[in-house]
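The primary structure of each chain is shown beneath.
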Amino acid sequence: MHAEIAGAGFAGLAAAIALKRRGWSVRVHEKEAELRAFGAGIFIWENGQRVLQAIGAYEDVARGAHQAPGYETRRNGACVSFERINGANPFLLMTMTRQHLYAAILAASAREGIEIVTRSAAVAARPEGVLELAGGRSLKADLVIAADGVRSAVRDSLGIACSRQKYQDGIARVLVERGSFVGGAWDHVIDFWAFEPRTLRILYAPCEDGRLYMAMMSPRNDPEATRLPIDPAVWAGTFPELTPAIEMVGSRGRYDVYETSYLDTWSFGRVAILGDAAHAMPPTLAQGACLAMMNALSLAEFVAKGADLIADLTRWEARERALTDHTQARAAELARTRALGSGMQWDDVGLRAARHVPTGTCPEEFPRPGAGTRAQPE
Ligand SMILES: Cc1cc2nc3c(=O)[nH]c(=O)nc-3n(C[C@H](O)[C@H](O)[C@H](O)COP(=O)(O)OP(=O)(O)OC[C@H]3O[C@@H](n4cnc5c(N)ncnc54)[C@H](O)[C@@H]3O)c2cc1C
């Protein structure tokens, strides 16, 4: 059995590794010339960590990723919610640079001997199992996977109905040095919100190697706050405690508006749609990549035997769709209402995906490792 995969992002690589480990031959096509992660930092909840373990990337990720002892929300400078996480606590969350996560998954791909072809843009697929590349080559496969991101050309070539929605806010993502932001509460993930005099948010997340990820949210109709390079006076005026970090941002960052895409179906014939190509969502629950990797692993589980591939794809979607739809809908609601400004929702509605044991992973309790840069609670 052979798969041709469009896109060497988190979804495409996770699918490639999971299929290869189940005896498939796979080839991944990446349109860019270089294999690298776009963006700044990323949160990986327990469900994503379990998938990383199942694809052989967990150890490399955990080695270095930050495991904060607490998750705090501050509104206009006052703490409105605090939860202990990691260690013996129920919620496992790692924060890291995207490159750290991507490098670990790439290393796992290399160990499996997976072929990744760069400068290889996919332009279309055919339901009988053909991936078409720019330049005119057509590649036949038992399974074609469209993991080519939110603007998926492969998905669009199939004519699958896709509804898109944009929201009122967007985020500029930046990485700076942690500098003096070390120790005590500065080792926590801290979600800083302000609604007066204007709506702004900085999600503060320590990462590996002394890096600090800041996701700087602002309404897209606020020209001063969305301006890039960021205006330090606007941000430091609202979050004075973060001034040294804000002053380091300089010309870094890119502003992306929150967006959802929803498909009627995740497959058409022998083509499966995976990750953001299938279910992009606002990052309010930090689950997009976690779900992308979860659904990739599950896809490999369902098609592993290859007896009736089209029926397997239907069963795969039937198993995974409800949780993904729930998470996407909840993420959209949080984007619309800005309810995170009153504190993280530590309940089953918000964190159902985070607590889910993904298909293809071991149901036992996840190991709570001593690796990484876990700090002690104050
Ligand atoms: C601001 C923000 C913050 C986020 N934070 C988190 C978080 O903390 N935790 C989390 O789990 N998720 C988070 N997400 C979501 C996460 O980034 C995505 O869900 C995840 O990257 C999706 O992975 P993917 O592989 O499906 O797509 P992508 O990461 O977009 O990868 C697609 C790949 O396909 C390639 N490609 C594109 N077109 C073609 C083509 N035609 N042919 C070949 N290759 C192609 C691209 O170059 C890329 O390498 C966040 C998203 C945003 C916008």
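The shown structure was predicted, so the numbers you read here are calculated from the model rather than taken from an experiment. (Residues numbered from 1 in each chain as written. Predicted model: local features only at pLDDT ≥ 70, side-chain atom pairs only at ≥ 80, totals over all residues. Heavy atoms only, no water.)

Draft legend 1. Fine view of the confidence of the model for the chain. Averaged over every residue, the pLDDT of the chain is 94; residues scoring 70 or more account for 97%. Contacts for the low-pLDDT stretch residues 371–378, under 50 throughout, to residues beyond four places or in other chains number 24 contacts. (pLDDT = per-residue confidence, 0-100. Contact = heavy atoms within 4.5 Å.)

Draft legend 2. Focus on the packing of helix 11 (residues 309–337) against helix 12 (residues 348–355). Direction vectors running N to C along helix 11 and helix 12 enclose 135 degrees, while the axes themselves pass 9 Å from each other. Judged by the inter-axis angle, helix 11 sits oblique to helix 12. The two elements helix 11 and helix 12 cross, and the hand of that crossing is left-handed. The residues of helix 12 that touch helix 11, namely those facing Leu-323, His-326, Thr-327 and Arg-330, are Asp-348, Val-349, Gly-350, Arg-352 and Ala-353. (Axes fitted to C-alpha atoms, helices over the stretch in contact; angles between N-to-C directions. Helix = DSSP H or I, 4+ residues; strand = E, 2+ residues; numbered from the N terminus. Parallel < 35°, antiparallel > 145°, perpendicular 65-115°, else oblique. Left-handed = near helix turned anticlockwise from the far one by under 90°.)

Draft legend 3. View of the side chain of Thr-324. Residue position: Thr-324 is located in helix 11. Within the local environment of Thr-324, its side chain forms a polar contact with the backbone oxygen of Glu-320, the two atoms lying 3.3 Å apart. (Polar contact = N/O pair within 3.5 Å; in protein donor to acceptor, adjacent residues only side chain to side chain.)

Draft legend 4. Representation of the site of the ligand. Residues in close proximity to the ligand total 28 residues, the closest being Glu-30, Phe-43, Arg-98, Ala-122 and Asp-276. Take Gly-288: an N or O atom from its main chain is 3.4 Å from a nitrogen atom of the ligand. Cys-290 places a main-chain nitrogen or oxygen 3.1 Å from an oxygen atom of the ligand. Relative to its free-state accessible area of 1,000 Å², the ligand is covered by the protein chains to the extent of 84%. Within the residue set of the shell around the ligand, elements represented by two or more residues are helix 1 (10–20), strand 3 (41–45), strand 12 (162–177) and helix 10 (288–303). Looking at the shell around the ligand, the element that brings in the most residues is helix 10, giving three residues. Partitioning the shell around the ligand into residue classes produces 13 nonpolar, eight polar and seven charged. (Near = heavy atom within 4 Å. Areas by Shrake-Rupley, 256 points an atom, 1.4 Å probe, with all protein chains shown as cover. Nonpolar A, V, L, I, M, F, W, Y, C, P; charged D, E, K, R; others polar.)

Draft legend 5. Molecular detail of the environment of Ala-300. Here Ala-300 shows up in helix 10. For Ala-300, a relative accessible area of 1% gives the class buried. Considered as a pair, Ala-300 and Ala-18 are 282 residues apart in the sequence and their alpha carbons are 5.7 Å apart. Ignoring any residue separated from it by four or fewer positions in sequence, one finds Ala-300 in contact with Ala-18, Leu-19 and Arg-22. (Buried < 20%, exposed > 50% of the residue type's maximum accessible area, 1.4 Å probe, protein only.)

Draft legend 6. The arrangement of the pairing of strand 4 (residues 70–75) in detail. Here strand 4 lies mainly inside the structure; five of its six residues are buried. Looking at chain direction, strand 4 and strand 5 (residues 78–84) are connected through six bridges and run antiparallel. For Thr-73, the partnering residue across the bridge sits in strand 5 and is Ser-81. Once strand 4 ends, the chain turns through two residues before running back antiparallel as strand 5, passing Asn-76 with a positive phi of about 45 degrees. Of the strand pairs in this sheet, strand 4 and strand 13 (residues 189–194) are connected by five bridges, and their pairing is parallel. Note that in strand 13 the partner of Glu-72 across the bridge is Ile-190. (Pairing = 2+ DSSP bridges.)

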